[in-house]
Amino acid sequence: MPAPSLRELQETFWRALAERPGASGSPALARPLLEVIPPSERLTPSDRLGIYAGMYFWRIVDALREDFPRVAAVLGDEGFADLARGYLARHPSSHPSLRHAGGALPDFIADQPPPGAPAFLADLARLERARVDAFDALDVAALRVDDLRAVPATDWPALRFAAVPAVAVLVSDWPVDRVWDDPAARDVPPERTTLRVWREGFAVYHARMDHAEARALARVLAGRSFAAVCDVLDQPETAGALLLRWIEDGLLRRF
Amino acid sequence: MFPYLGHGVGLRPPHFPRVMEGSARADWFEVISENFMIRGGRPLAVLERARAAAPIVLHGVSLSLGSTDPLNATYLDELRGLIARFDPAWVSDHLCWTSVGGHYAHDLLPLPFTEEALRHVVGRVVAVQERLGRRILVENVSSYLTYTHSTMPEWEFLAAVAEQADCGILLDVNNIYVSAVNQGFSADAFVDAMPPGRVAQIHLAGHSDKGTHLLDTHDGPVIPAVWALHRRAVRRCGRVSTLVEWDDHIPDFEVILAEAERARAAEGEALDEATDACAVSA
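Residues numbered from 1 in each chain as written. Chains lettered and ligands numbered in written order. Predicted model: local features only at pLDDT ≥ 70, side-chain atom pairs only at ≥ 80, totals over all residues.

**Some points on the nonpolar core**
By size, the foremost hydrophobic cluster in this structure holds 154 residues, and its most contacted members are Val138(B), Val161(B) and Ile169(B). The element contributing the most residues to this core is helix H4 (residues 69-90) of chain A, with 9 residues. If we skip the residues at most four places from it in the chain, Val161(B) touches Leu95(B), Leu118(B), Val121(B), Val122(B), Val125(B) and Val138(B). (Core = buried A, V, L, I, M, F, W, Y, C linked by C-beta atoms within 7 Å. Buried ≥ 20, exposed ≤ 12 C-beta atoms within 10 Å, placed from the backbone. Helix = DSSP H or I, 4+ residues; strand = E, 2+ residues; numbered from the N terminus. Contact = placed C-beta atoms within 7 Å.)

The following block contains the structure:
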């Protein structure tokens, strides 16, 4: 076989790594490449290429496990590796940083749930991904209580707020926050759950919201006025307490 | 030219609390560039703090200098952003390819050492240096296979890239040792072929013996044979900024600092040996 061009070599090498990620044995796809790899004293060309195939797969599996530790705990080592095998075959990394490698994993789980996996798994993955995104979201100075003290009472109804970039809201039909606390709790019954995820300082948190808080925060995040936020609450004075809690948690900035 | 910074420490997440409390002290810090290509949060705050305490160096793994894909303009813009914000003493990446067809392997994949690859890599290094407005360092990688159509040894390829692209060399003596054992070449010959004026940084690290091959795992102390190679490199190249890499089973900061001090002592001894040898030959 004539020597491959650099482009041909790289394309063949990539197919050998990525078309059947984590597969044992030497994929037939790699045959043209194996012809230009000499054996070493102790390894065949296929063994040598296999070292790279293994490193490719397991490095990304490790990165995914770091970003989705609860999903990994629910599936176990073997189940998580199987999930990663299917995921990487469909969604090979297309970003220079491994941080983005798991971006499509929650949707992949929703589309192709691993056999026998609990129904909450995709939403648990969404929660874990939201926490990763909050961890390194853009730093923005959050609103402080003192900032509002200067606002005259007459201006309050028209006040508008926005969330800082590290805030996310997650709605699930499952109590994924309970599973996050205890991934062994696989048999939880369905329960409509709304969570907010946020970062305070450098630490990421999530907390369950009741119906009133969820509706009010949705209005805040939609850029509605404080008066419109009060409208969705049975007791308007609740709005003040909620606003104070959100500000203390560092969720908001001025619109 | 690239400054001499002494003996640095690779800054990894387990050490971040030490940086934030101000107790992580070293001649300089090396960080993985891609880990800081983010929008905000703790890692960037840590890097701000580290940079206030000591010089830093940005060490990349995804520049993909050997790839036949176009250079990733977004990546280069992000790297430029980090350079502008943190003013690193230098920027380095690897003599390998990590991406093709827009996909990233997140691994340092081996190049064939051919004239075609040489021309290609030289052009890429020149383009990157123009884009970044500075010269970079290029590092030799550990490898587990070779290609029958390579027409020159790795050391000749590396030296030619540095010469033709006018870049510096980050000489990883552990990678030389690992590849030398795996490919059956002389590690000494590799070191002896390095152009002294271009070697601006040395990496040391531990590796694992898998029985059939050595694996570059960065998970333990440097072995005596690699220390010996380091001394050979110092005798040839003189004082070079040096760093012991540790990326897995990362020990306490003090253990890594102790390895940096060991490298400092070894450098001193090697320089003395070189001076003695000159005196004898004179």
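Back to the write-up after that little detour.
**Brief notes about the sheet that holds strand S3 (residues 193-200) of chain A**
Residues and elements named next belong to chain A. Read from one edge of the open sheet, 3 strands run S2-S3-S4, paired in antiparallel fashion. With one partner strand each, in any of the chains shown, strand S2 (168-172) and strand S4 (203-209) form the two edges of the open sheet. Across the sheet, the mean angle from the axis of one strand to that of its neighbour is 25 degrees, orientation sign disregarded. When S2 meets S3, the two strands line up antiparallel, connected through 5 bridges. The residue of S3 that forms the bridge with leucine 170 is leucine 195. Across the sheet, helix H9 (residues 211-221) is in contact with S2, S3 and S4; its angle to S4 comes to roughly 120 degrees. (Pairing = 2+ DSSP bridges. Axes fitted to C-alpha atoms, helices over the stretch in contact; angles between N-to-C directions.)

**Remarks on the environment of Glu237(A)**
Tracing the backbone through its elements, the reader meets Glu237(A) in helix H11 (residues 236-248). Taking C-alpha positions, Glu237(A) is 37 Å from Ala122(A), a pair spaced 115 residues apart along the chain.

**Notes on the interface of chain B and chain A**
Taken together, the contact pairs 38 residues of chain B with 41 residues of chain A. Listing elements by their share of the side of chain B that touches chain A, those giving two or more residues are helix H2 (42-53), strand S5 (97-100), strand S6 (103-109) and helix H4 (115-132) of chain B. Broken down by element, the side of chain B that touches chain A gets its largest block of residues, 6 residues, from S6(B). Residues belonging to the side of chain B that touches chain A are distributed by class as follows: 15 nonpolar, 18 polar and 5 charged. (Nonpolar A, V, L, I, M, F, W, Y, C, P; charged D, E, K, R; others polar.)

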